[in-house]
Amino acid sequence: MIVDFRIRPPYRDFTDLHIFSPRVPNPDPVKAHGLSLNLPEYKSRSELSMTHLIAEMDEAGIDVGVVHGRQSPSPFGTVSSDTVAAIVKEYPGRFVGFGGVDGNRGKEALEEIEKCHSLGLRGICFDNGFSDPPLHNDDAKLMPLYQLCSDLGLIASLTSSIFLGPDMSYCHPIHVQRMALAFPDLTIVVPHANWPWTTLACSVVFQTNNVHLIPDFYLNMPNTPGSHEYVRSANYFMSYNLLFGSSYPVRPFGQSVEQFRALPFDSDEILNRALGENAARILGL
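Right, let's walk through the structure included here. (Residues numbered from 1 in each chain as written. Predicted model: local features only at pLDDT ≥ 70, side-chain atom pairs only at ≥ 80, totals over all residues. Heavy atoms only, no water.)

### Section: the nonpolar core
And step 1. With 73 residues, the main nonpolar core has Phe95, Phe126, Val211, Leu213, Phe260 and Phe265 as its most contacted residues.
And step 2. In terms of residue count, the dominant contributor to this core is helix α2 (residues 50-60) (five residues).
And step 3. Setting aside chain neighbours within four positions, we find Val211 in contact with Val176, Ala180, Ile188, Val190, Val204, Val205 and Asn241.
And step 4. Listed in part, the 14 residues of the second largest apolar core include Val3, Val189, Ile214 and Leu283. (Core = buried A, V, L, I, M, F, W, Y, C linked by side-chain atoms within 4.5 Å. Buried < 20%, exposed > 50% of the residue type's maximum accessible area, 1.4 Å probe, protein only. Helix = DSSP H or I, 4+ residues; strand = E, 2+ residues; numbered from the N terminus. Contact = heavy atoms within 4.5 Å.)

Given below as structure tokens:
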């Protein structure tokens, strides 16, 4: 089984996100920082086609995609829990849904988590660095939300890298470490894996039992400082805590799987854990 733990499909609200919409100035989220990811064009993205998306998943050998909702201010956008639940229902067995909340919304955020649980979603996405005002991942405002996730058996997804937040402190792994230690029964996944704090992020996994890293496209940039640490750590102590993710539509499925398989894992056993077995375990597939 291959599980892609981070995708945003061309479906309903998702197509209005900056990563899809040509109507939004600077659709590449990092152009505002003077850089570009050079998002590729392929049929599912260029034609906003779910038919092509499923075909591309099949061609890449991806069995299940984890769909991440979002509650963030413009230009990063909002994807409702209803949209996430709808795609899970419409394509049974192909997708697992995570709803999104804004940690600044207090009671409303708690109610949204309850709603996501009632819809059968498996996790909650926190894009805390994109909040207004931005939040560190261990901000006191977030503690009741994490507690509710833990009580309901929901996975907490903390998107965390250099582009979330006004400075690099917002992706520092110490904030994940503190909340992971405060909620030892809460399963935590970290899309973008706290890049560029790679060694520290892997160290958090070494200390805790409940943090899983999804380096997604940062694993496929060979000249990116520290990215090799994720694989080296998986070969040593982190083989049960590394998760594959394409970050679609930032990267196409086939290219992502091919490049992931080419990484220098010590064994097929470790590779297969990261490609799907670890995800299947924490998702209960």
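### Observations regarding the pattern of salt bridges
A side chain of one charge can pair with a side chain of the opposite charge if their charged atoms are brought near each other.
And step 1. Summed over the entire model, instances satisfying the criterion amount to eight salt bridges.
And step 2. As a salt-bridge pair, Arg105 and Glu108 come within 3.7 Å of each other at their nearest N and O atoms.
And step 3. Classification of Glu108 as partly exposed rests on a relative accessible area of 46%.
And step 4. The network of salt bridges with shared partners includes Asp102, Arg105 and Glu108. (Salt bridge = Lys/Arg side-chain N within 4 Å of Asp/Glu carboxyl O.)

### A few points about the packing of helix α4 (residues 107-118) against helix α5 (residues 143-152)
And step 1. At their nearest, the axes of α4 and α5 sit 10 Å apart, and the two run at 20° to each other. With respect to each other, α4 and α5 are oriented roughly parallel. The handedness of the crossing between α4 and α5 is right-handed. On α5, the residues touching Ala109, Leu110, Ile113, Glu114 and His117 of α4 are Pro144, Leu145, Leu148, Cys149 and Leu152.
And step 2. Of the residues belonging to the contact of α4 with α5, the class tally is eight nonpolar, one polar and one charged. (Axes fitted to C-alpha atoms, helices over the stretch in contact; angles between N-to-C directions. Parallel < 35°, antiparallel > 145°, perpendicular 65-115°, else oblique. Left-handed = near helix turned anticlockwise from the far one by under 90°. Nonpolar A, V, L, I, M, F, W, Y, C, P; charged D, E, K, R; others polar.)

### Re the state of the cysteines
And step 1. For the structure shown, the criterion picks out zero disulfides.
And step 2. Here Cys202 stays free of any disulfide, with the sulfur of Cys171 as its closest cysteine sulfur at 14 Å.
And step 3. You can call Cys202 buried: its relative accessible area is 2%. (Disulfide = S-S within 2.5 Å.)

### Some remarks on the pairing of strand β8 (residues 188-191)
And step 1. A two-sided burial pattern is seen for β8, the buried positions comprising Ile188 and Val190 on one face and Val189 and Pro191 on the other.
And step 2. Pairing of strand β7 (residues 155-158) with β8, which is carried by two bridges, proceeds in the parallel orientation. Bridged to Ser157 within β8 is Val189.
And step 3. On the question of chirality, the crossover connecting β7 to the parallel β8 by way of helix α6 (residues 173-182) is right-handed.
And step 4. As paired elements, β8 and strand β9 (residues 211-214) share four bridges and run parallel to each other. Its bridge partner being in β9, Val189 is matched across the sheet by His212. (Pairing = 2+ DSSP bridges. Right-handed = clockwise from strand over helix to strand, strands pointing away.)

### What to know about the sheet that holds strand β6 (residues 123-126)
And step 1. Read across the sheet, seven strands follow the order β1-β2-β5-β6-β7-β8-β9 without closing on themselves; strand pairing throughout is parallel. Only two strands of the sheet have a single partner each, and these edge strands are β1 (3-7) and β9. For this sheet the average axis-to-axis angle between neighbouring strands, irrespective of direction, equals 25°.
And step 2. Here four bridges tie strand β2 (residues 64-68) to strand β5 (residues 95-101), and the two strands are oriented parallel to one another. Among the inter-strand pairings, Val67 is bridged to a residue of β5, identified as Gly97.

Purely spatial values, then, with no claim about function.
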